[in-house]
Amino acid sequence: LTAPKYAAYAIFFGLGSLSVTCDKFVTSNATLEYLIKENPLWGKTLVVVGDSITAEISTDPDEYPWPHRIAERNSMGFTNCAVSGSNIAGTYSKLISSLTKDTDYFVMMEGHNDNNRVDLGTIDDEYAKNGTKTFYGYLNAVLRHCLTVNPAMKILIITPTFDWSEDKRYTNAVINIAKKWGTGLMDLYNDYHINMTIQRERNTDIGLSDEAKSLRIGTLLKDGIHPNALGHEMFSRTVEGYMRLLL
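Fair warning: this is a prediction, and the values are worked out from it, not measured in the lab.

Caption draft 1: Seen up close, the overall build of the protein chain. Each helix and strand counted, the protein chain has seven helices and seven strands in total. From first element to last, N terminus to C terminus, the protein chain shows the α and β order β-β-α-β-α-β-α-β-α-β-α-β-α-α. Taking all 247 residues of the protein chain together, 44% fall into the buried category.

So, in structure tokens, the structure goes:
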């Protein structure tokens, strides 16, 4: 095994018996301990929720969704509550039972399938109050539960990759709820600092280039909506970067 000539260091783990050519070859336990110590995600527990963009649909590693890739890279305990074709109402019960005092990280990506399925409601809605269940009510209940069972839980809320509701109402609800509960927010629609990967829309003053959009969609989405292997991999790296900021 020969390390690239341009490499200042080469670090190899779990390769067994091998012959290595490299000026600086690091295998010490101290180095491994340092790398783990400096990684805030390593060995932590992660719970995610969403729909088919997030759900586990195959046991083939090439088909792993973005959260599975994050968990695997960082040796995290991992529970995926996402259900293909579902919305916040369909995943609510499993999610509540999965979020416990031992949950270190929670990532929520809802809003794709809620339009026309769950009334939006208002930001102060309570879950099932007076028999009414709204999108805002569900979100309030989930975040209240998170901070009740573990006030130190690190929470990241991600806006939908697309929102066909009038005036982007569900995207705006996700943003508003993150502000209300003081969580991390990854705003795929409004934040132009985020490199476009699997999102179909971007709010810009000059308008999103149709050419840029078509090239991204053709390369990173397998059907115009759901990520392919490359799309999941790229998006997982973006989300992981945001998770590392939840200090």
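Caption draft 2: Spatial organisation of the pairing of strand 3 (residues 45-49). Within strand 3, four of the five residues are buried, which leaves the element mostly enclosed by the surrounding structure. Here strand 3 runs beside strand 4 (residues 77-80); their pairing, made up of four bridges, is parallel. In the sheet register, Val-48 faces strand 4, and the bridge partner there is Asn-80.

Caption draft 3: Representation of the nonpolar core within the structure. Core analysis: the biggest nonpolar cluster contains 27 residues, and Leu-95, Leu-99, Phe-106, Phe-135, Val-142 and Ile-157 have the highest contact counts within it. Put simply, the parts of the chain that give this core at least two residues each are strand 3, helix 3 (88-98), strand 5 (105-108), helix 4 (135-149), strand 6 (154-158) and helix 5 (169-181). Looking at this core element by element, the count peaks at eight residues for helix 4. For Val-142, the residues in contact, after removing those within four places along its chain, are Ile-88, Tyr-92, Leu-95, Ile-96, Leu-99, Phe-106 and Met-108. Among the nonpolar cores identified, the runner-up in size contains 24 residues, and Ala-71, Met-76, Ile-198 and Met-243 belong to it.

Caption draft 4: Summary view of the pattern of salt bridges. Enumeration over the complete set of coordinates arrives at nine salt bridges. Between Asp-102 and Lys-101 there is a salt bridge whose closest N-O contact spans 3.4 Å. Using a relative accessible area of 60% as the deciding quantity, one classes Lys-101 as exposed. A salt bridge links Glu-240 to Arg-244, with the nearest nitrogen and oxygen atoms 2.8 Å apart. Sharing partners across several salt bridges, the network here consists of Arg-69, Arg-73, Glu-233, Arg-237, Glu-240 and Arg-244.

Caption draft 5: Broad picture of the packing of helix 2 (residues 66-73) against helix 7 (residues 229-243). In the contact formed by helix 2 and helix 7, the axes pass within 8 Å of each other and the chain directions differ by 60°. Here helix 2 is positioned oblique relative to helix 7, judged by the angle of their axes. Once helix 2 is placed against helix 7, the crossing between them reads as right-handed. Between helix 2 and helix 7, the contacting residues are Trp-66, Arg-69, Ile-70 and Arg-73 on the first element and Ala-229, His-232, Glu-233, Phe-235, Ser-236, Arg-237, Val-239, Glu-240 and Met-243 on the second.

Caption draft 6: Quick peek at the environment of Asn-113. You can see Asn-113 is positioned in the loop between strand 5 and helix 4. With a relative accessible area of 18%, Asn-113 lands in the buried category. Leave out the neighbours within four places in its chain, and Asn-113 touches Asp-51, Gly-85, Ser-86 and Asn-87.

Caption draft 7: Examining the packing of helix 4 against helix 5 more closely. Following both chains from N to C, one finds helix 4 and helix 5 inclined at 30°, their axes separated by 11 Å at the closest point. The pairing of helix 4 with helix 5 is recorded here as roughly parallel in orientation. Note on packing geometry: the crossing formed by helix 4 with helix 5 is right-handed. Where helix 4 abuts helix 5, its residues Phe-135, Tyr-136, Leu-139, Asn-140, Leu-143, Arg-144 and Leu-147 lie against Tyr-170, Asn-172, Ala-173, Val-174, Asn-176, Ile-177, Lys-180 and Trp-181. Its residues placed into classes, the contact of helix 4 with helix 5 shows 10 nonpolar, three polar and two charged.

Caption draft 8: Here's a closer look at helix 5. Its 13 residues place the ends of helix 5 18 Å apart at the C-alpha level, agreeing with the 18 Å of an ideal helix rising 1.5 Å per residue. For helix 5, the complete set of buried residues consists of Tyr-170, Thr-171, Ala-173, Val-174, Ile-175, Ile-177 and Ala-178. Once helix 5 ends, the next one or two residues include Gly-182, with phi positive near 65°.

Cut-offs applied
- Residues numbered from 1 in each chain as written.
- Predicted model: local features only at pLDDT ≥ 70, side-chain atom pairs only at ≥ 80, totals over all residues.
- Heavy atoms only, no water.
- Helix = DSSP H or I, 4+ residues; strand = E, 2+ residues; numbered from the N terminus.
- Buried < 20%, exposed > 50% of the residue type's maximum accessible area, 1.4 Å probe, protein only.
- Pairing = 2+ DSSP bridges.
- Core = buried A, V, L, I, M, F, W, Y, C linked by side-chain atoms within 4.5 Å.
- Contact = heavy atoms within 4.5 Å.
- Salt bridge = Lys/Arg side-chain N within 4 Å of Asp/Glu carboxyl O.
- Axes fitted to C-alpha atoms, helices over the stretch in contact; angles between N-to-C directions.
- Parallel < 35°, antiparallel > 145°, perpendicular 65-115°, else oblique.
- Left-handed = near helix turned anticlockwise from the far one by under 90°.
- Nonpolar A, V, L, I, M, F, W, Y, C, P; charged D, E, K, R; others polar.
- Expected span 1.5 Å × (residues − 1).

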